[in-house]
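Descriptive structure summary
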Amino acid sequence: MTDTVTRRAGAAPAPDAPARERIDVASARVVPTRHWWRWTIGAVIVFVVAQFAWSLVTNENYEWDVFAHYFFSEPVLRGIVITLWLTLLSTVIGFTLGTLLALARLSKSPLLNSAAWSYVWFFRSVPLVVQLVVWYNLGYLYPTLGLGWPFTDDFWIVEFSTTTLISQWAAAILGLGLHQAAYSAEIIRAGLLSVDQGQLEAAHALGIPARRRLFRIILPQAMRSIVPNATNEVIGLVKGASVVFVIALPELFYAVQVIYNRNSRVIPLLLVAVVWYTIITTLLSIAQFYIERHYARGAVRTLPPTPLQRARHWIRTQWARLGDDPAPPPSLAGSDAPPLPGAHRSNGNDAQYGGAR
């Protein structure tokens, strides 16, 4: 055993192994991996898209002339304005109330926690269209609303007629806004819970006031989780506003319905609504990208490039390639071929494979 250890520690190195053939890495041919399934699926997708595009052009039943005639018509544009106003007001009401509900859900008060949970449970249980109809017909349950003695109908301070107070606009905004608040509360609560608890404990230990802890420390970090889901809800509100046709509010879908009920051009008018909804959704998706990029500061080392930055980089790259001289063909010896990044060129004296050290 001692002999073996001595031999391993102080013995002369073993004779050199047979010399391998020296290969210059710079002259090695790079063979890309062929992904046959990827190319096959890609070809099928291209074929399906091309077939659909061909049918859009050749199928006369789309009636693109009718589509073009009504795309910028006054009823449609008026319906778009109403849809955008409904979305904006419902978003403000929904996310403002949702923030308060989320904070109540996270409160240590059993009363606030239970009240917020009950609100979310109720408004998520009742379909939106039912809420809209109930709000619009609230006068059937309460003909008058006002301020007066508690637990009586004596409104001696101020009194309103419910049918006058709850108009089509008011019913739509109340239905959409209160319904959205239930979902916004859960989105905001999930975002607040995603922030590391140590952040809140450290801020509390430093004596930072609760309001400043929320708006300067917790919310900016939670927004990275809130923004994608919140944008989905806003986009859902744009399309969900079409439900208010049940109370005859002339938003985009209702305006389109009125037109095709008169001229029986159903498909072209539905395409008008589809294209306008797509445009609005696309603009909201672009806004989402920039909002997410803003709140990504501090979370990533390099902000994701904007589409304009990507376009500029591509143009600079192509322009630089136009100005370059063509690279010389690689030789077998590799003396004229440029080395690959990170590769060490063989100088004829290296004993290692390929001259790499």
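Going by what an unreviewed UniProt entry lists, the protein is known as Amino acid ABC transporter permease and is assigned to Microbacterium gilvum. As recorded by UniProt, the Sequence similarities (unreviewed entry) comment attached to the protein reads in full: "Belongs to the binding-protein-dependent transport system permease family." Quoted verbatim from the Subcellular location (unreviewed entry) field of UniProt, the annotation for the protein is "Cell membrane".

**A look at the pattern of salt bridges**
Under the counting rule described, the total for this entry stands at four salt bridges. The shortest N-O distance in the salt bridge between Glu63 and Arg265 comes to 3.0 Å. Residue Glu63 is found in the loop between helix 2 (36-58) and helix 3 (64-71), and its partner Arg265 is found in the loop between helix 12 (252-263) and helix 13 (266-295); the two are separated by 202 residues along the sequence. Using a relative accessible area of 24% as the deciding quantity, one classes Glu63 as partly exposed.

**Quick word on a nonpolar patch on the surface**
A cluster of nonpolar residues, Val129, Val130, Val133, Val134, Phe245 and Val246, forms a patch on the protein surface that exposes about 400 Å² of accessible area. With respect to the element layout, Val134 can be found in helix 6 (residues 128-136). Its relative accessible area of 41% is what places Val134 among the partly exposed residues.

**Some remarks on the layout of surface pockets**
Unoccupied space between atoms shows up once a probe the size of one water molecule is rolled over them. Of the pockets and cavities examined, the largest pocket occupies roughly 560 Å³. Considering the residues around the largest pocket, the lining is formed by 16 residues, among which Leu106, Gln197, Leu200, Arg213 and Ile218 are closest to the centre. When contributions to the lining of the largest pocket are tallied by element, the ones reaching two or more residues are helix 9 (168-193), helix 10 (197-205) and helix 11 (210-240). Its residues placed into classes, the lining of the largest pocket shows nine nonpolar, three polar and four charged. Reported here for the second largest pocket is a volume of approximately 340 Å³. Along the walls of the second largest pocket sit 15 residues, with Phe95, Met223, Val227, Ala230 and Val234 positioned nearest its centre. For the lining of the second largest pocket, the elements supplying multiple residues, two or more each, are helix 4 (74-105), helix 11 and helix 13. In terms of residue class, the lining of the second largest pocket is built from eleven nonpolar, four polar and no charged.

Rules used in this analysis
Residues numbered from 1 in each chain as written. Predicted model: local features only at pLDDT ≥ 70, side-chain atom pairs only at ≥ 80, totals over all residues. Heavy atoms only, no water. UniProt positions renumbered as here; feature names shortened; annotations may be inferred. Salt bridge = Lys/Arg side-chain N within 4 Å of Asp/Glu carboxyl O. Helix = DSSP H or I, 4+ residues; strand = E, 2+ residues; numbered from the N terminus. Buried < 20%, exposed > 50% of the residue type's maximum accessible area, 1.4 Å probe, protein only. Patch = residues over 30% accessible without salt bridge, like charges linked within 9 Å, V, L, I, M, F, W, Y side chains within 5 Å. Areas by Shrake-Rupley, 256 points an atom, 1.4 Å probe, with all protein chains shown as cover. 1 Å grid on protein atoms, 1.4 Å probe; cavity = no way out; pocket = protein on both sides within 12 Å on 5 of 7 lines; lining within 4 Å. Points joined across faces, edges and corners; volume = space filled by probe spheres on them. Nonpolar A, V, L, I, M, F, W, Y, C, P; charged D, E, K, R; others polar.

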